[in-house]
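Report on the structure
Listed below, chain by chain, are the residues.
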Amino acid sequence: MAKARALDRRRKSVRNIRKITRTMELIATARFKKAMDRSVAARDYTKQLAKILENIAAAGAGIVHPLLEVRPTKRSAVLVLTGNRGLCGGYNSNVVRQAVAILGQWRGEQVGCDTTVSGKRGISALKFRGIDIRRSFTNFEDKPEFDAVAPIGREYLSAYAAGEIDRLDVVYTRFHNIAKQEAVTEMLLPLKPPEAEGQGAKPATTLASQEYDFYPSAGSILEEILPASFLSRLFKCFLDAAVSEQVARMVAMKAATENASGLIKDLSRRYNRARQSQITGEIMEILGGVEALKQ
Amino acid sequence: MADTTTASTPRAGMIRFIVVTPETTLVDTHAKSVTLPLFDGSRGIARGHSPFIGRLGAGEVRLSGEADRPGEGVRRLFVQGGFVEVGHDVVTVVTQRAIPQEKFDAAHARAELEKLLSSRATGDEAIGAKLEAVEAARAALRTAAK
């Protein structure tokens, strides 16, 4: 009897775990939808900025700006975006692995590195590897706000302008689609010139754009728009990381729920067998007793 | 672009007006005219305005004769910095901060202005930034007071 009862107890606890993972999956799904909506809504801004930049480029103003200038890297900054919580598959560990790779690369090249980490998971993982973290954030959850991201970006901009850093890399999980997210290292500073952004200007828009007047001048607008474009890219990294985290958790919890179901099936089978063999044993005992009484 | 069928159909005598912030598309509507706070003063825009790209200062955007809210008068928004692209009867404001007047917290704005005024700035850059911030805070309060 002992074995059957132990199996039953295990089955009950697996059922409870399945309930929890199922709920977490549903929560992650709801959060993912919200995060996705925010990410979609944020696309317009980037698109409009790119359009204005394209128009400035087409107007023939030479695009020269300190933010675009590639300098030899003497001191670099790395921003690592991870989650505050685990139970989301390989989401955090993939980002940490990427971060360790780039930090190792800078160390190999004798370049000083200014490391900033967002998310409790990343902070503890990098601390464990003995990496010196200059600054850390734990306030970014599934809804990063522009007003919270912008000050961080502005600090990087002023450090870059002052020559304190020569390069900024962001390590985060890029969201391609619901089936594909990958941990990447993206260079945000120096900014890539607008032409290199893909989506080559179509001849029609170039023609139309030459009619634009600029107030006060194309150069002055460029000066303002490049920092804005940097901030929006940085914000997009945060949004992507948030969306990817929810997707990763959704997938991990779905797998966990399925595994729990499989385990319950297996345990039920073993429990039934144990119960049956116990009943059979008892019948045999009774039969044995009856036979003994007959004699 | 948040192309909804109602917002993108051209309407006679009207311009399409869009405000995008890093987080969302705040406004997408049609209006008779719109007044924008450019870096050096206000500029009114109606249908047929010549295309331009301009830098915005801090101040209020006034929308009048909106198609979706007939007879409701002028709608005001506070924007702080950013750009405007005017072209082919579409006015797009790209800004990091835009707050509709009805959601504006005047007490908070006043507190911020006071905090700014009492802070001390040293060096040309810091002083310039402070003056700009004070100007923006005053513009915000003006919008709120209307």
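Predicted model, so just to flag it, every value in this text is computed and none were measured.

Before going further, it helps to spend a moment on the pattern of salt bridges. Within the structure shown, the criterion is met by 19 salt bridges over all chains. A salt bridge links D8 of chain A to R11 of chain A; the nearest nitrogen and oxygen atoms lie 3.1 Å apart. Of this pair, D8 of chain A and R11 of chain A both sit in helix α1 (residues 2-58), separated by three residues, roughly a single helical turn. Take D8 of chain A and R11 of chain A: they sit in the same class, and that class is buried. A salt bridge links E85 of chain B to K51 of chain A; the nearest nitrogen and oxygen atoms lie 3.5 Å apart. One end of the pair, E85 of chain B, is in strand β8 (residues 83-87); the other, K51 of chain A, is in helix α1, on a second chain. On the accessibility criterion, E85 of chain B (3% relative accessible area) is buried. Among the residues examined, K51 of chain A registers a relative accessible area of 39% and is labelled partly exposed. Three or more residues joined by partner-sharing salt bridges are found here, namely E60, R62 and R76 of chain B.

Next up on the list: the domain arrangement of chain A. Residues and elements named next belong to chain A. The domain boundaries assigned to chain A delineate domain 1 (2-27 + 255-294) and domain 2 (30-250). One C-alpha centre belongs to domain 1, the other to domain 2, and the line joining them spans 53 Å. Counting from both sides, the interface comprises four residues of domain 1 and, opposite them, five residues of domain 2. By the criterion of area lost to domain 2, the three top residues of domain 1 are M24, E25 and I27, representing 86% of everything that side buries. Remark: the boundary between domain 1 and domain 2 carries zero salt bridges. Here domain 1 is connected to domain 2 by three residue pairs in polar contact (both at pLDDT 80 or more).

Here we take up the interface of chain A and chain B. At the interface, 29 residues of chain A touch 26 residues of chain B. In total, about 2400 Å² of surface goes out of reach between chain A and chain B, with carbon and sulfur atoms giving 59% of it. At the boundary of chain A and chain B, one finds one salt bridge. Contributing elements (two or more residues each) for the side of chain A that touches chain B: α1, α4 (146-161), β6 (213-215) and α6 (218-294) of chain A. Sorting elements by how many residues they give to the side of chain A that touches chain B places α1 of chain A first, with eleven residues. Partitioning the side of chain A that touches chain B into residue classes produces 16 nonpolar, three polar and ten charged.

Residue and element names in this part refer to chain A. Pairing of strand β1 (residues 75-81) with strand β4 (residues 167-177), which is carried by five bridges, proceeds in the parallel orientation. Bridge pairing links V78 to D169 in β4. As paired strands, β4 and strand β5 (residues 180-189) are joined by nine bridges and run antiparallel to one another. Of the residues in β5, the one forming a bridge with V171 is T185. Hairpin connection between β4 and β5: a loop of two residues separates the two successive antiparallel strands.

Here the focus is the packing of aromatic side chains. If you walk through the whole model with that rule in mind, you get five aromatic pairs over all chains. An aromatic cluster of at least three residues, connected via ring pairs, comprises F137, F140 and F238 of chain A. Above the ring of Y215 of chain A, the side-chain terminus of R43 of chain B is found at 4.2 Å from the ring centroid. Residue placement shows R43 of chain B over the ring face of F52 of chain B; its charged tip is 4.7 Å from the ring centre.

Another point: the nonpolar core. All names here are of chain A. Formed by 53 residues in total, the largest nonpolar core has its most connected members in Y156, L168, V170, L189 and F230. Counting residues per element, this core draws most heavily on α6, at 15 residues. In this structure V170 touches L79, L81, V184, T185, E186, L188, L234 and C237, once residues within four positions along its chain are discounted.

Residues and elements named next belong to chain A. Looking along the chain, the bond that leaves L189 and enters P190 is cis, with omega of -5°. By the secondary structure assignment, P190 is in the loop between β5 and α5 (203-209). Residues other than glycine seldom take positive phi values, yet L87 does so here, at roughly 55°. Within the element layout of this structure, L87 appears in the loop between β1 and α2 (91-108).

So, on to the sheet that holds strand β6 (residues 58-64) of chain B. Paired through backbone hydrogen bonds, the strands of a sheet run either parallel or antiparallel to each other. Residue and element names in this part refer to chain B. The strand order β4-β3-β6-β7-β10 describes an open sheet built from five strands, whose pairing is antiparallel. What marks the edges here is a single partner per strand, and that holds for β4 (41-46) and β10 (98-100). Ignoring strand direction, the axes of neighbouring strands in this sheet form an average angle of 20°. With six bridges joining them, strand β3 (residues 33-38) and β4 adopt antiparallel strand pairing. Its bridge partner being in β4, V34 is matched across the sheet by I45.

Cut-offs applied
Residues numbered from 1 in each chain as written. Chains lettered and ligands numbered in written order. Predicted model: local features only at pLDDT ≥ 70, side-chain atom pairs only at ≥ 80, totals over all residues. Heavy atoms only, no water. Salt bridge = Lys/Arg side-chain N within 4 Å of Asp/Glu carboxyl O. Helix = DSSP H or I, 4+ residues; strand = E, 2+ residues; numbered from the N terminus. Buried < 20%, exposed > 50% of the residue type's maximum accessible area, 1.4 Å probe, protein only. Domains from an automatic or database assignment. Contact = heavy atoms within 4.5 Å. Buried area = accessible area lost by both parts, 1.4 Å probe. Polar contact = N/O pair within 3.5 Å; in protein donor to acceptor, adjacent residues only side chain to side chain. Nonpolar A, V, L, I, M, F, W, Y, C, P; charged D, E, K, R; others polar. Pairing = 2+ DSSP bridges. Phe/Tyr/Trp six-rings, centres within 6.5 Å; stacked < 30°, edge-to-face > 60°. Lys NZ or Arg CZ within 6 Å of the ring centre and 35° of its normal. Core = buried A, V, L, I, M, F, W, Y, C linked by side-chain atoms within 4.5 Å. Axes fitted to C-alpha atoms, helices over the stretch in contact; angles between N-to-C directions.

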